[in-house]
Amino acid sequence: MNVEQNKKTVFSEVANACQMAGRPERAVDIIAVTKYVDSSIASQLIEAGVTHIGENRVDKFLDKYKALHNHPVTWHLIGSLQRRKVKDIIPYVDYFHALDSVKLAVEIDKRANRVIKCFLQVNISREESKHGFKVEDLAEVLPKLAELTHVEIIGLMTMAPLNAPRERILAIFQETENLRQNIQEQAWKNMPMTELSMGMSQDYDLAIQAGTSFVRIGSAFFK
Ligand SMILES: *Cc1c(COP(=O)(O)O)cnc(C)c1O
């Protein structure tokens, strides 16, 4: 495994995807998802120029944070969060990508001592196994989230189904972008809704085509 070489390859492929989509390279931030490796390998990625680190589990996030927080890194919690763990982790999170219930948002609001940038996770693919709000529930959810003062909804996060045809994945990403625009037009005061978090190792080119601003890439860095 040559992490430095993989980093170069991923970054240049993301740049290519931006060019193909007619978008500037700086429009897309690459989050390296380090859940497969330990802190020493993650630190090699940082040495190679990665500035966004993502973890999907609280314990692994805290391990990496402890080992690497002196590096100039932005910290992303990308996986689901149990309410009882909010207080342990929220001080260290720069971006939370998996806000999927009002109760969780209320807990974050209560425990945070600053504004936390959050993505609403939406279940566009409608798979039972996926976390996230259903689109039809948002009309009821958004007014409740709008009452919170420490939760800023900066955009939407979604996951494409595994093994779906690429056209279907692209359609899901485009639907997410349409929903983002729709919510942005509603102009809730704590919901700038300017961002999207979608695309992983297998499908980030499609997410970039659909307009994403963050991609969450794991395995492509560690093969
Ligand atoms: C693991 C993970 C990723 C990265 O997936 P890869 O296929 O390894 O690139 C992205 N997002 C979430 C929420 C993850 O858990």
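A brief structural summary.

Calculation criteria
Residues numbered from 1 in each chain as written. Predicted model: local features only at pLDDT ≥ 70, side-chain atom pairs only at ≥ 80, totals over all residues. Heavy atoms only, no water. Buried < 20%, exposed > 50% of the residue type's maximum accessible area, 1.4 Å probe, protein only. Helix = DSSP H or I, 4+ residues; strand = E, 2+ residues; numbered from the N terminus. Arc of directions from axis to C-beta. Contact = heavy atoms within 4.5 Å. Salt bridge = Lys/Arg side-chain N within 4 Å of Asp/Glu carboxyl O. Near = heavy atom within 4 Å. Polar contact = N/O pair within 3.5 Å; in protein donor to acceptor, adjacent residues only side chain to side chain. Areas by Shrake-Rupley, 256 points an atom, 1.4 Å probe, with all protein chains shown as cover. Nonpolar A, V, L, I, M, F, W, Y, C, P; charged D, E, K, R; others polar. Phe/Tyr/Trp six-rings, centres within 6.5 Å; stacked < 30°, edge-to-face > 60°. Lys NZ or Arg CZ within 6 Å of the ring centre and 35° of its normal. Axes fitted to C-alpha atoms, helices over the stretch in contact; angles between N-to-C directions. Parallel < 35°, antiparallel > 145°, perpendicular 65-115°, else oblique. Left-handed = near helix turned anticlockwise from the far one by under 90°. Core = buried A, V, L, I, M, F, W, Y, C linked by side-chain atoms within 4.5 Å.

### Digging into helix α6 (residues 138-145)
Listed as buried for α6 are L138, V141, L142 and L145. Down the axis of α6, the buried set is contained in an arc of 100°. They therefore lie on one face. What points out from α6, more than 90 degrees from its buried face, is the exposed set A139 and E140. Lining the buried residues of α6 we find α5 (102-111), β5 (116-121), β6 (151-157) and α7 (166-186).

### Section: α5
Buried within α5 are the following residues: L104, A105, E107, I108 and D109. In this structure, the buried side of α5 is in contact with α4 (86-89), β4 (95-99), β5, α6 and β6.

### A look at the pattern of salt bridges
Applying the stated criterion across every chain, the model contains 10 salt bridges. Among the ionic pairs, E177 bridges to R180, the shortest N-O distance being 2.7 Å. Of this pair, E177 and R180 both sit in helix α7, separated by three residues, roughly a single helical turn. On the basis of relative accessible area, E177 is assigned to the buried category, the value being 14%. In this structure R180 comes out as buried when scored by relative accessible area, which is 10%.

### So, the site of the ligand
Around the ligand, the surrounding shell consists of V33, K35, Y36, N56, I78, M159, M200, S201, R216, I217, G218 and S219. Separating an oxygen atom of the ligand from a side-chain N or O atom of K35 is a distance of 2.7 Å. Between an oxygen atom of the ligand and a main-chain N or O atom of S219, the distance comes to 2.8 Å. When the ligand sits alone it has 390 Å² of accessible area, and the protein chains cover 90% of it. Here the shell around the ligand is composed, by residue class, of six nonpolar, four polar and two charged.

### Structural notes on the packing of aromatic side chains
In the structure shown here, the tally under the stated rule is nine aromatic pairs. On the numbers, 6.1 Å between centres and 55° between planes, the contact of F221 with F222 is tilted. What links up through ring pairs into an aromatic cluster is the set F11, Y36, F221 and F222. One residue, K7, lies across the ring of F11, its end atom 4.0 Å from the ring centre.

### As for the packing of helix α2 (residues 39-47) against helix α3 (residues 58-68)
For the pair α2 and α3, interaxial distance at closest approach is 10 Å and the crossing angle is 60°. Classed by the angle they form, the pair α2 and α3 counts as oblique. When the axes of α2 and α3 are compared, the crossing they make is right-handed. Contact with α2, carried on its side by S39, A42, S43 and I46, involves D63, K64, A67 and L68 of α3 and no other residues of that element. The class makeup of the residues in the contact of α2 with α3 is four nonpolar, two polar and two charged.

### A short note on the nonpolar core
Of all hydrophobic cores here, the largest spans 71 residues; its most connected members are F96, L99 and L120. Ranked by the residues each element gives to this core, the list is headed by α7, at six residues. Ignoring anything within four residues of it in the chain, the contact list for L99 reads L104, A105, I108, C118, F119, L120, Q121, F133, V151 and I153. Judged by nonpolar contacts, the second largest core, of six residues, contains I31, Y95, I154 and M157.

### Notes on unusual backbone geometry
A positive phi angle, close to 65°, is found at R126, a residue other than glycine. Assignment of secondary structure puts R126 in the loop between β5 and α6. Exposure remark for R126: the relative accessible area of 52% places this residue in the exposed category. Although it is not a glycine, A187 adopts a positive phi angle of roughly 55°. Tracing the backbone shows A187 in the loop between α7 and β7 (195-197). Classification of A187 as exposed rests on a relative accessible area of 60%.

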